[in-house]
Amino acid sequence: MQEKAAKKILIVEDEKELMLGLATLFKSQGYLIIAAYDSLFGISSAHKEKPDLIILDLGLPAGGGLYVLENLKNSVETFDIPVLVLTAQQGIDLEEKVKQMGAIAYFHKPFDPELLLNKIKSILNISSKA
Amino acid sequence: MNKQDKTNKIDHKLVMQELKENPYKKLNLAFSLMVVVPFLVFFYLLTSRFFTIGILIGNTGFILATAFFISLCGFYIAYSILKNIFSKILAYAAQAKHSDQLKSTFVATVSHELKNPLSSIKINIYNIFAGFIGQVNEEQKNVLGLCQSTIERMARLINGLLDLHKIEAGVIDLKRNRLNLAEISEKQIKELQILADKKNIKIIKEFLDESLSVWGDEDKLSQAIVNLLSNGIKFTPENGTVTLKIYPDDKLVKLECIDTGSGIPDDKIGMLFNKFERLNATKEGTGLGLAITKDIVEMHRGKILVESQVGQGSKFIVVLPRDLRLVKR
């Protein structure tokens, strides 16, 4: 029986401790992790690795998360990769804005890891069926 | 010019930029009109009533010229005095605005900077708790559970601070819609039912008019109702009741949250809505819930009142206008 390939998740987050936590959480569920610590590296990793899901922080160095999101959604190679936004930023209608820009889900920090995991599972199941 | 004056001048410029029009223009225009009108009257009287400019010659002319000169000086002095007062008012307004902005930026930055590390701690503790990093025994799990509840409390505190800051800084735009109060209260009661069941507290609904509606922001009013109900549940001992009443009162809608808790002493009622004021420190809470509730009610041009008797319980009354058009600003 051929083993099903593990799903790849790209995490674009500049907080190393949070990155470590997210990576441990996702690895425990059998996902492959690609880490990017800034906007530009995030965009280039998305193009190079073609992940199944991108976890994107908004307060990033070298451009910011909104710039990354815009870039990913405007590229023919990455526009169909689901993007889940994680942010500590507070803004009026920020959630609405990122969803309009193409993000599939929005989590506000500090988020519930269990809820995040469930959401990721449901996104990856939907995208694998599609 | 001392340093304070320089700061004031910078502040005026900033305020004027924000006003998008120069308030001095209006002051100048008002004074120009004040000067022009007597001028016109003077020439009108001179040409149409006195029929001659001979009046300008001799003693009468001298008196007229002197009177005219004195009146111009008067205008100039009055203008200077008013301009000075006007500048001071602008400077104070600017100072108040900038200190408010500084405070707001500070709170927003601090809260934002606290949320990132808090997320890291939360997720890493969850990973240990869930056994993703290695086996954890029951005793260790208990300690980690305590850490998790502390993190939750901190998160609530930060969110509360941010909510309060947003309301006070006026950065929240209310999305007003016609809301059915009974409907949104029903939703909040359902959400809090588990909390009430844990203490066997009965939540009683007394909606005298189920169709009662107000103009308001659903999220914000829901938050206010949740705060009142959860407060009621928190301070009511086991097997007690929390009653939510909604009824019309002329052009107002009244919402009452009545609990059978320990009540609040008279001397402490005044402190209830202060930020970080926790009258019962043994209960979990941030001390921001009632302050936020009060701000939300006031944003809807309503009022919040408290009646309480020690040993009997407390009653929080929210009074909201049914139609904002009937409320005088």
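A quick note: this is a predicted structure, and the numbers were derived from the prediction, not measured. (Residues numbered from 1 in each chain as written. Chains lettered and ligands numbered in written order. Predicted model: local features only at pLDDT ≥ 70, side-chain atom pairs only at ≥ 80, totals over all residues.)

### A look at the environment of Pro38 of chain B
Right, so step 1: Examined against the element boundaries, Pro38 of chain B turns out to sit in helix H2 (residues 23-49).
Right, so step 2: Looking at Pro38 of chain B, the number of C-beta atoms within 10 Å reads 13, which means it is partly exposed. (Helix = DSSP H or I, 4+ residues; strand = E, 2+ residues; numbered from the N terminus. Buried ≥ 20, exposed ≤ 12 C-beta atoms within 10 Å, placed from the backbone.)

### Focus: unusual backbone geometry
Right, so step 1: Residue Pro110 of chain A is reached from Lys109 of chain A by a cis peptide bond, and omega for that bond is -5°.
Right, so step 2: Within the fold, Pro110 of chain A resides in the loop between strand E5 (105-108) and helix H5 (113-129).
Right, so step 3: The residue Asn200 of chain B is not glycine, and still its phi comes out positive at about 55°.
Right, so step 4: Within the secondary structure, Asn200 of chain B is located in the loop between helix H5 (181-198) and strand E2 (202-207).
Right, so step 5: The backbone of Asp250 of chain B sits at a positive phi, close to 55°, despite the residue not being glycine.
Right, so step 6: Take Asp250 of chain B: it is sitting in the loop between strand E4 (241-249) and strand E5 (252-259).

### Details of the sheet that holds strand E3 (residues 53-57) of chain A
Residue and element names in this part refer to chain A.
Right, so step 1: With parallel pairing, five strands are arranged side by side in an open sheet as E2-E1-E3-E4-E5. Two strands close off the open sheet at either side, each with one partner strand: strand E2 (32-36) and E5. Within the sheet, the average angular offset between the axes of one strand and its neighbour, ignoring direction, is 20°.
Right, so step 2: Bridge count for E3 against strand E4 (residues 83-87) is four bridges, and the pairing is parallel. Residue pairing across strands places Ile54 opposite Val83, the latter belonging to E4.
Right, so step 3: The sheet contacts of helix H1 (residues 16-28) involve strand E1 (8-12), E2 and E3, and relative to E2 the element is tilted by about 165°.
Right, so step 4: Those strands touched by helix H3 (residues 65-73) are E1, E3 and E4, and its axis lies near 150° from that of E3. (Pairing = 2+ DSSP bridges. Axes fitted to C-alpha atoms, helices over the stretch in contact; angles between N-to-C directions. Contact = placed C-beta atoms within 7 Å.)

### Remarks on the environment of Ser211 of chain B
All names here are of chain B.
Right, so step 1: Its place among the elements puts Ser211 in the loop between E2 and strand E3 (213-217).
Right, so step 2: The class for Ser211 is exposed, based on 10 C-beta atoms found within 10 Å.
Right, so step 3: Placed 31 residues apart in sequence, Ser211 and Asn180 show a C-alpha to C-alpha distance of 6.3 Å.

### Quick word on the packing of H5 of chain B against helix H6 (residues 218-235) of chain B
Two numbers describe a pair of packed helices, the interaxial angle and the distance between the axes.
Residue and element names in this part refer to chain B.
Right, so step 1: As a packed pair, H5 and H6 sit with axes 9 Å apart at the nearest point and diverge in direction by 35°. By crossing handedness, the relation of H5 to H6 is classed as right-handed. Residue-level inspection shows Ile184, Ser185, Lys187, Gln188, Ile189, Glu191, Leu192, Leu195 and Ala196 of H5 in contact with H6, the latter providing Glu218, Leu221, Ser222, Ile225, Val226, Leu229, Ser230 and Ile233.
Right, so step 2: Counted by class, the contact of H5 with H6 contains 10 nonpolar, four polar and three charged residues. (Left-handed = near helix turned anticlockwise from the far one by under 90°. Nonpolar A, V, L, I, M, F, W, Y, C, P; charged D, E, K, R; others polar.)

### Structural notes on the interface of chain B and chain A
Right, so step 1: On the chain A side, the residues contacting the 19 residues of chain B number 17 residues.
Right, so step 2: For the side of chain B that touches chain A, the secondary structure elements donating two or more residues are helix H3 (58-129) and helix H4 (138-168) of chain B.
Right, so step 3: Per element, the largest residue contribution to the side of chain B that touches chain A is 12 residues, and it comes from H3 of chain B.
Right, so step 4: Taken together, the residues that form the side of chain B that touches chain A break down as 10 nonpolar, six polar and three charged.

### A word on helix H8 (residues 289-299) of chain B
Residues and elements named next belong to chain B.
Right, so step 1: In terms of burial, H8 is a largely internal element, nine of the 11 residues being buried.
Right, so step 2: Of the residues making up H8, those classed as buried are Gly289, Leu290, Ala291, Ile292, Thr293, Lys294, Asp295, Ile296 and Val297.
Right, so step 3: Against H4, H6, strand E6 (303-309) and strand E7 (313-321) lie the buried residues of H8.
Right, so step 4: Just downstream of H8, Arg301 is the residue with a positive phi angle, here 60°.

### Some words on the sheet that holds E5 of chain B
All names here are of chain B.
Right, so step 1: Reading across the sheet, the five strands line up as E2-E4-E5-E7-E6 and stay open at both edges, with mixed pairing between neighbours. Where the open sheet ends on each side, the last strands, each with one partner, are E2 and E6. If you compare each strand with its neighbour and ignore which way they point, the axes differ by 15° on average.
Right, so step 2: Strand direction decides the pairing type here: E6 and E7, joined by seven bridges, are antiparallel. Pairing of Ile304 across the sheet is with Val318, part of E7.
Right, so step 3: Strands in contact with H5 are E2, E4 and E5; relative to E4, the strand with the most contacts, it is inclined by about 175°.

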